[in-house]
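Report on the structure
Here is what each chain is made of, one letter per residue.
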Amino acid sequence: MNNAKPTVEETLPILDFGSQYVQLIARRVREAGVRALLVDPATHAEELKKLNPVGIILSGGPSSVYQADAPRCDENIFNLGVPILGICYGMQIAAELLGGKVKKGNAGEYGAARLTVAATPEADDLFTGVPPSTNVWMSHGDQVNALGNEFISLAATQTCSLAAIRHRSRPFFGVQFHPEVTHTPHGGKVLENFLYRICKATGTWRMNNFMETSIEAIRRQVGTGRVICGLSGGVDSAVAAALIHRAIGHQLTCIFVDNGLLRKNERQSVESTFRDHFHIDLRVVDAEDEFLSALKGVTEPQEKRKLIGKAFVDVFKREAQTIHDARFLAQGTLYPDVIESGQGYWRTAANIKLHHNVGGLPAELGFELVEPLRELFKDEVRRLGEVLGLPEPMVWRHPFPGPGLAVRCIGEITRERLDLLRDADEIFLEEVVAAGLYRSTAQTFAVLLPVQSVAVMGDDRSYNPVIALRSVDSSDFMTADWSRLPYDLLARVSSRIVNELRTVSRVVYDVTSKPPGTIEWE
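Within each chain, residues carry numbers counting from 1 in the order of the written sequence. With pLDDT at 70 or above as the cut-off, local features in this predicted model cover only qualifying residues; side-chain atom pairs require 80 or more to be listed or tallied, and sums for whole chains, interfaces and linings still use all residues. Note that the side-chain values use all heavy atoms of the structure and ignore hydrogens as well as water.

**Regarding the pairing of strand S13 (residues 326-330)**
- Relative accessible area decides the class of each residue, using a 1.4 Å probe on protein chains only: under 20% of the type maximum gives buried, over 50% gives exposed, and in between gives partly exposed. Runs of E in the DSSP output that reach at least two residues are strands. Runs of H or I that reach at least four are helices, and both are numbered from the N terminus. Along S13, 4 of the 5 residues are buried, which leaves the element largely enclosed by surrounding structure.
- Examined bridge by bridge, S13 and strand S14 (residues 368-370) share 3 bridges and lie parallel to one another. Directly across from alanine 330, in S14, lies its bridge partner valine 370. In this description, strands pair whenever DSSP reports at least two bridges between them.

Encoded structure:
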C-alpha cells in the first residue's frame with residue numbers, strides 16, 4: 001500500500017504595496033524553489049488562507065503609513081499563524097498594526113548602509129550565515145521609531161536603530177532594508193532563512209509547475225472560447241502563443257501584423273516558425289504602407305509610440321473581426337512592461353514609457369485580455385520557452401520593442417532609413433553571433449541617428465548618417481549595464497558597416513547603463 005501523501009504546491013503570497021522592486025522579491029522566492037504569487041495588499045485574510053500559504057511577504061512601497069490614503073492590509077493576516085516578513089514599507093505597516101509607531105526619520109537612508117546584526121539567539125533565524133556587519137540597500141525616509149514590549153530588535157544601522165525586528169509571540173519578522181536587490185550582498189541568504197528556517201519550505205517549485213498552473217488558469221478563463229494572439233516575432237509573444245496553444249489547441253488564432261518596422265527577414269521567420277513548427281492558425285497582415293503613412297514627418301518618440309499603437313489597434317481590429325466567435329485577446333506582456341507603464345496592484349509606479357501591448361487594447365478591441373506571462377521577467381520567459389520545447393534560436397532571441405525599429409530610427413521614419421538600419425543591425429548581430437557572444441549579451445542592436453557626419457570616401461568628401469551600436473548585459477531588464485564587447489569585434493562591425501553600407505560615414509558605441517539611460521534610445 002502506498003502511504004505517500006500527495007504533493008501540495010507551496011505558495012507564498014506577496015502583498016504588493018507598489019514597490020518598484022516587488023517583482024524582484026517574487027523572483028528571488030521562485031529562484032529558491034517556492035511559488036511566489038503577487039496579490040493585492042487589500043486581500044482579505046480568509047482569501048489568503050485559501051492559498052494554503054507557507055508564508056507571506058509584505059513588500060515595500062512609496063507611501064507613508066500615516067497618510068490617509070496609504071495602502072493597508074487586513075490585520076487578520078497576523079492571526080493566520082503563518083510566518084510573515086515585512087520589507088521596508090511592509091515592516092512599517094505591520095509594526096503600526098501590531099502596536100508600534102512610525103514617523104519620518106531624522107535622516108533618510110538611500111543607498112548602501114552598514115548593518116550591524118545583534119549578537120542574540122533571537123536574530124539567528126533570520127540572519128544565520130549573514131556576517132555580523134554587512135552592507136544592505138536602504139531606500140526610506142520613514143522608519144519605525146517605537147515598539148512595544150512584544151517586539152525585539154535584531155539589527156541596526158547608524159541612522160536606523162530598528163533596521164530589523166521580530167515579534168515575540170507572533171511569527172512576524174521585519175527588515176527596513178531591501179534583501180531582494182543585488183546591492184544587498186547577503187539579502188538572498190536572509191530570504192532563504194525566512195523561507196527554509198522560518199517557513200519550513202521544501203523548495204519543490206519549478207518552471208514546469210508554473211507552466212502547468214498557467215495552462216489550468218488559461219483553460220478556466222477561456223473555456224470553449226476562441227483566443228486571438230498578436231505575434232511580434234519576439235520571444236515574449238512566441239512563448240505566450242506556445243503556452244496558450246498547449247492549453248487550448250485549435251481554439252487559438254495568431255495574427256502577425258507586418259508594419260514595415262521589423263528586423264530583416266522577420267516576417268519570413270515568423271511564418272515558417274508558427275505555421276511549420278507549431279501548426280498554428282496564423283494570419284499575416286501586410287500593413288507597411290498604413291504605418292509609414294501614419295508616421296510620416298513625425299519625430300517625437302512618444303508620439304511615434306501613440307501613432308503606432310493606434311495603427312496597430314486599427315489593423316488588428318479589422319483582421320480580428322474576420323475571426324468568428326473570438327472573445328479573448330492574448331498578449332506577451334511581461335512584468336517590466338507593467339511596471340514601466342505605471343501599472344501594478346497598487347498602481348504607483350512612474351510611467352516611464354508607453355507600450356502598445358499594455359492596457360487600452362481590451363477596451364479598444366472589445367476582448368477580454370489573456371496575459372499568461374504578466375508576472376515573469378525575461379529570463380524566466382526563456383526558461384518557460386525551453387520547458388515548452390521552443391527552438392533554441394527563438395527562445396534566446398534578443399528582445400525587440402513593440403514599436404519596432406521606429407524607436408531605433410531616431411528622427412523621421414522613411415523606408416530608406418529603415419532599410420539602412422536593418423542592414424546595419426544585421427551586420428552587428430552577425431558579428432556578435434560569430435564571436436560567440438550572442439547568448440552572453442542581453443540585447444544587441446543598431447540605432448540610426450539623425451546626424452550627418454563628414455566622410456571621405458576615396459577623393460570625395462560627403463556628409464552621411466551615423467550608426468550607433470548598443471549592447472547591454474541584464475538578467476531582468478529592469479537594470480542593465482553596457483556590454484564590454486572586444487575592441488576587435490567592434491572594429492570588424494564598424495568596418496563592415498562603413499564599407500558595405502556606403503551611405504554610412506561613422507559608427508559609435510553606446511556606453512550608458514540603465515539607469516540612468518533606458519535600454520532603447522527612444
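**Description of the environment of cysteine 254**
- Residue placement: cysteine 254 occurs in strand S11 (residues 252-258).
- Dropping the residues within four chain positions of it, cysteine 254 is found in contact with Cys229, Leu231, Ala241, Ile280, Asp281, Leu282 and Arg283. Should any heavy atoms of two residues lie within 4.5 Å, those residues are counted as being in contact.

**Some points on the packing of aromatic side chains**
- The criterion for an aromatic pair is that two Phe, Tyr or Trp rings (for Trp, the six-membered ring) have centres within 6.5 Å, with stacked assigned to planes under 30 degrees apart, edge-to-face to planes over 60 apart and tilted to the rest. Enumeration over the complete set of coordinates arrives at 4 aromatic pairs.
- Pairing phenylalanine 17 with tyrosine 89 gives two aromatic rings, centres 5.2 Å apart and planes at 55°, and the pair type is tilted. In this pair, phenylalanine 17 sits in the loop between strand S1 (11-15) and helix H1 (22-31) while tyrosine 89 sits in helix H3 (residues 89-97), placing the two residues 72 residues apart along the sequence. Both residues of the pair, phenylalanine 17 and tyrosine 89, belong to the buried class.
- For the ring pair phenylalanine 78 and phenylalanine 172, a centre distance of 5.9 Å and an interplane angle of 80° mean the geometry is edge-to-face. Of the two residues, phenylalanine 78 is situated in the loop between strand S3 (56-58) and strand S4 (84-87) and phenylalanine 172 in strand S9 (residues 172-175); the sequence distance between them amounts to 94 residues. As far as the burial class goes, phenylalanine 78 and phenylalanine 172 line up, both buried.
- We call a charge positioned above a ring when the Lys NZ or Arg CZ atom is no farther than 6 Å from the ring centre and deviates by at most 35 degrees from the ring normal. Sitting above the plane of the tryptophan 396 ring, arginine 439 keeps its charged end 3.8 Å from the centroid.
- The positively charged end of arginine 484 is found above the aromatic ring belonging to tryptophan 482, 3.8 Å away from the centroid.

Distances and angles like these do not, on their own, reveal function.
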